Amino acid sequence: MTARYAISDTLILAMRALRRIPRNPELLTSYTVQPIMFTLLFVYVFGGAIQTPGYDNYADFLIPGIIVQQMSFGGFATALGLVDDLKKGLVDRFRSLPMSRMAVLTGRTLSDIAMNALALTVMVIVGYIVGFSFSTSPGEVIGGIALCLLIGYAFSWVFAFIGLTASSPEAANAYGFTILFPLTFVSSAFVPVDSMPDWLQPIAEHNPFTNMVNAVRALFVGTPAGNQIWLAIVWSLAITFGFGLAAVGRYRHAVGR
């Protein structure tokens, strides 16, 4: 019975988070306009100067990287929402209700999956327009989509922790982009790792974003997978578990003050 109530509370708070989107349509910008701008910028401005041997065109190389980057930033709404709820005292109100305390976090992160699915759909459509195409079986494509959503869910917990730590929505937004933005660029998302300076290549090769991007490329365009898919899954689960525990600890501290 307790588990059923916890699931029900999680779904209710997830729907609450999603209902805020029509009232704040500017939130959709980061899920739609921003990735489109990145795609057009890299394909038409930088694409001609970036060599990607083994790919039919730069779009096939780029789109999986853009998608993984977008998934990693998809949890920003969770960070902003948690900061806002804490500042307005809504979390204290939730504590006074007969509901699962963890639903505040699980509901937020669950809503991110729906928004990331929207962003993924937009990216695939834009990708086809600029020349990207799937080169693998339907099963592998579905596996790639599932992996993308898993990556997005993992980073939702990163943003949940940031949201519970930051003092304001502006600070949460700054922390997230300052920490994650460099990591996405020092990876194989936008350029081949072997095109980077020698001292930077080992960092990029061991960057979890590189494993994730390479795994999505393998599932979408058929590049050699090696152990990249398993590494991407392990990294995603480790991030979910590690930052999930950190977010839960921070949440208990925040509501216990």
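My aim in this report is to walk through the structure given alongside it, one point at a time. Counting restarts for each chain, with residues numbered from 1 along the sequence as it is written. Under the rules for a predicted model, residues below a pLDDT of 70 receive no local features and side-chain atom pairs below 80 are neither given nor counted, while totals for whole chains, interfaces and linings still include all residues. Think of the side-chain values as coming from all heavy atoms in the structure, minus any hydrogens and water.

### Brief notes about the overall build of the protein chain
Rules: Secondary structure elements follow DSSP: runs of H or I no shorter than four residues count as helices, runs of E no shorter than two count as strands, and numbering proceeds from the N terminus. For a compact globule the rule gives 2.2 Å times the number of residues to the power 0.38, and the radius of gyration it is set against comes from C-alpha atoms. A simple rule labels every residue: compare its accessible area, found with a 1.4 Å probe on the protein chains alone, to the largest value its type can have, and call it buried under 20%, exposed over 50%, or partly exposed in between. Note on contacts: a residue pair qualifies if any of its non-hydrogen atoms lie within 4.5 Å across the two residues. Residue burial considers only the protein chains on display, and all accessible areas are found by Shrake-Rupley using a 1.4 Å probe. Under the convention used here, Asp and Glu are negative, Lys and Arg are positive, and both His and the chain ends fall outside the count. For this purpose, a charge sits on NZ of Lys, CZ of Arg, CG of Asp or CD of Glu.
On a plain count of helices and strands, the protein chain comes out with 12 helices and zero strands. A compact globule built from 257 residues should have a C-alpha radius of gyration of about 18 Å, and the protein chain, at 19 Å, falls within 12% of that. If you line up the protein chain on its principal axes, its C-alpha atoms span 60 × 35 × 35 Å. When each of the 257 residues of the protein chain is scored for burial, the buried share is 49%. Considering only contacts in the protein chain between residues 6 or more positions apart, those separated by 24 or more positions represent 80%. Surface summary for the protein chain: the accessible area is close to 12,200 Å², and the carbon and sulfur share equals 67%. Each charge class in the protein chain was averaged separately, 15 positive and 13 negative side chains, and the resulting centres sit 20 Å apart.

### Topic: the nonpolar core
For clarity, the cut-off: Put simply, buried Ala, Val, Leu, Ile, Met, Phe, Trp, Tyr and Cys residues joined by side-chain atoms within 4.5 Å make one nonpolar core.
Grouped together as the largest cluster of nonpolar side chains are 53 residues, with contacts concentrated most on Ile67, Phe155 and Phe220. At the level of elements, helix H3 (33-46), helix H4 (58-73), helix H5 (76-88), helix H7 (103-130), helix H8 (138-165), helix H9 (169-185), helix H11 (208-221) and helix H12 (228-255) are the ones that each hand at least two residues to this core. Per element, the largest residue contribution to this core is 10 residues, and it comes from H4. Not counting the four nearest positions on each side in its chain, Phe220 is found in contact with Ile67, Phe132, Ser133, Phe134, Ser135, Thr136, Val141, Gly144, Ile145 and Cys148. Leu13, Leu105, Leu164 and Val248 belong to the second largest nonpolar core, which has 12 residues in total.

### Some remarks on the environment of Phe181
Looking at the secondary structure, you find Phe181 in helix H9. With a relative accessible area of 30%, Phe181 lands in the partly exposed category. In this structure, the C-alpha to C-alpha distance between Phe181 and Gln69, residues 112 residues apart in sequence, is 8.5 Å.

### Side note on a nonpolar patch on the surface
The condition that has to hold: In this scheme, patches are assembled from residues that exceed 30% relative accessible area and form no salt bridge. Like charges are connected within 9 Å, while nonpolar side chains (Val, Leu, Ile, Met, Phe, Trp, Tyr) are connected within 5 Å. Salt bridge, as used here: a side-chain nitrogen of Lys or Arg that lies within 4 Å of a carboxyl oxygen of Asp or Glu.
There is a patch of nonpolar side chains on the surface, built from Leu40, Leu41, Tyr44, Val45 and Phe46 and spanning about 480 Å² of accessible area. Tracing the sequence through the fold places Val45 in helix H3. In this structure Val45 comes out as exposed when scored by relative accessible area, which is 52%.

### Remarks on the packing of aromatic side chains
Put simply, the rule is: Pairing of aromatic side chains here covers Phe, Tyr and the six-membered ring of Trp, requires ring centres within 6.5 Å, and sorts the geometry by plane angle: under 30 degrees stacked, over 60 edge-to-face, intermediate tilted.
Scanning all chains against the criterion turns up 17 aromatic pairs. Judged by centre distance (4.7 Å) and plane angle (25°), the rings of Phe185 and Phe190 are stacked. On the basis of relative accessible area, Phe185 is assigned to the partly exposed category, the value being 30%. What links up through ring pairs into an aromatic cluster is the set Phe38, Phe42, Phe73, Phe177, Phe181, Phe185 and Phe190.

### Focus: the side chain of Gln69
Mapping Gln69 onto the fold places it in helix H4. For Gln69, a relative accessible area of 5% puts it in the buried group. Every residue in contact with Gln69, bar those within four places of it in the chain, is listed here: Phe38, Phe181, Thr184, Phe185 and Phe190.

### Here we look at the environment of Ile151
Inspection of the secondary structure assignment puts Ile151 in helix H8. Relative accessible area serves as the criterion here: at 0%, Ile151 is assigned to the buried category. For Ile151, the contacting residues outside a window of four places in its chain are Met71, Met212, Val216 and Ser236.

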